[in-house]
Structure formats: C-alpha cells, structure tokens
Amino acid sequence: MIKLGLVLCMGLLLAPAWAQAEVSRLCAKPTSVHAFHVAAEWDRSPAVYRRSEAAKIVVTVTRPAHEDPAGGGVPIDPPQSLPEAGVSVWSSVVTTRWPWPYGAGVTDANGQVRLRMPMKDGKPGTYDVSHYVEKWTNQGGCPDIQEWGQLYESPGVVIKP
C-alpha cells in the first residue's frame, strides 16, 4: 500500500499540469462529522496559576459526541461512551489577539492525553480556554472524513502575577 502511494505521488510530481488537475478533481471535499465528546480536567480546581507555573491538563476524548452530533439541534446523552485513541488534541488559552499557550498531543488507548501549558506569556487576568480535537480518515490518497469535537471553557483559567 505504501509503495502504491509513493508511486502515485511520484507520478503526480512528474505528470503534466492537466493530469494533476484531473487527480485533484477526484478528491471530493471531505465529510466533517461532530463525532467526539471532549472533557478536560485541570490539575487544580479552580484553575488558578501564577505566571511562573505551568498548568497540567488531562483531556479525554470519547465517542459519540454528546453535543448534537447530527447537527439537527438535538443533543443526545448516549447510553455508553467509548474512549478514542489516535485523536489529535490542541488546547490553548484564548486572548483577544491570538491563542496561547499551546498544548498539543495525541490520545492514548484510554482516549486521554496529558498536556503541560506554561503560563509565562500571559498577563494577569481571566481567560477562556479552547480544546479542539480531530481525526482524519484517509482512504485512496484523499482525506475522506474529518471527525472532530470541541470544548470551550469560559472562564477557563486565571493567571496571577
């Protein structure tokens, strides 16, 4: 399978422009599905840190999503949630200009990832925190399905001098 992918990639690099355009038309827009439920557990409750400290967060990803996975305005409470391995996780403190600090990782077999986010770049104040997760399924060389989930904590963290 890897050899076939390598051959296709090399063929695309060496192919004329019209052939590359034909292949790109074969890749349809990926399907996006709200498939994951996201929970975050801070090492402190409430999440209050000094600028010299780092927050430790355990993000847990399970499926199915509890927050309206079909997009029809009807949230569900599933009878069972299963942990999902191999999901990319990004957590960030949201400011008015850009998100910081940034923690990233991939979930283990228990659907968890442990992140460490230093608070040294933040000014004292109260901030929201965004946790975004996604997993791509790639079949036949094109990304086919994007499964995602998000948790937005408002307020999420307090930074003290």
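Located above this text is the structure these notes cover.
What you are looking at is a predicted structure, and each value in this text was computed from that prediction instead of being measured.

S.K.: Sorry, what's going on with the nonpolar core here?
M.R.: The tendency in soluble globular proteins is for nonpolar side chains to be buried as a group. Grouped together as the largest cluster of nonpolar side chains are 23 residues, with contacts concentrated most on W42, V59, V93, M119 and V157. Elements represented by at least two residues in this core include exactly strand 2 (37-42), strand 4 (54-63), strand 6 (88-94), strand 8 (112-118), strand 9 (125-139) and strand 10 (142-160). Ranked by residue count, the leading element in this core is strand 4, at 4 residues.

S.K.: What's the story with unusual backbone geometry in this structure? I'm lost.
M.R.: The phi angle of most residues is negative, glycine excepted, and most peptide bonds adopt the trans form. Along the chain, S45 connects to P46 via a cis peptide bond; the corresponding omega equals 0°. Relative to the helices and strands, P46 is located in the loop between strand 2 and strand 3 (48-50). The omega torsion across S154 and P155 is -10°, close enough to zero to call that bond cis. Residue placement: P155 occurs in strand 10.

Criteria and cut-off values
Residues numbered from 1 in each chain as written. Predicted model: local features only at pLDDT ≥ 70, side-chain atom pairs only at ≥ 80, totals over all residues. Heavy atoms only, no water. Core = buried A, V, L, I, M, F, W, Y, C linked by side-chain atoms within 4.5 Å. Buried < 20%, exposed > 50% of the residue type's maximum accessible area, 1.4 Å probe, protein only. Helix = DSSP H or I, 4+ residues; strand = E, 2+ residues; numbered from the N terminus.

Keep in mind these numbers describe shape, not what the thing actually does.
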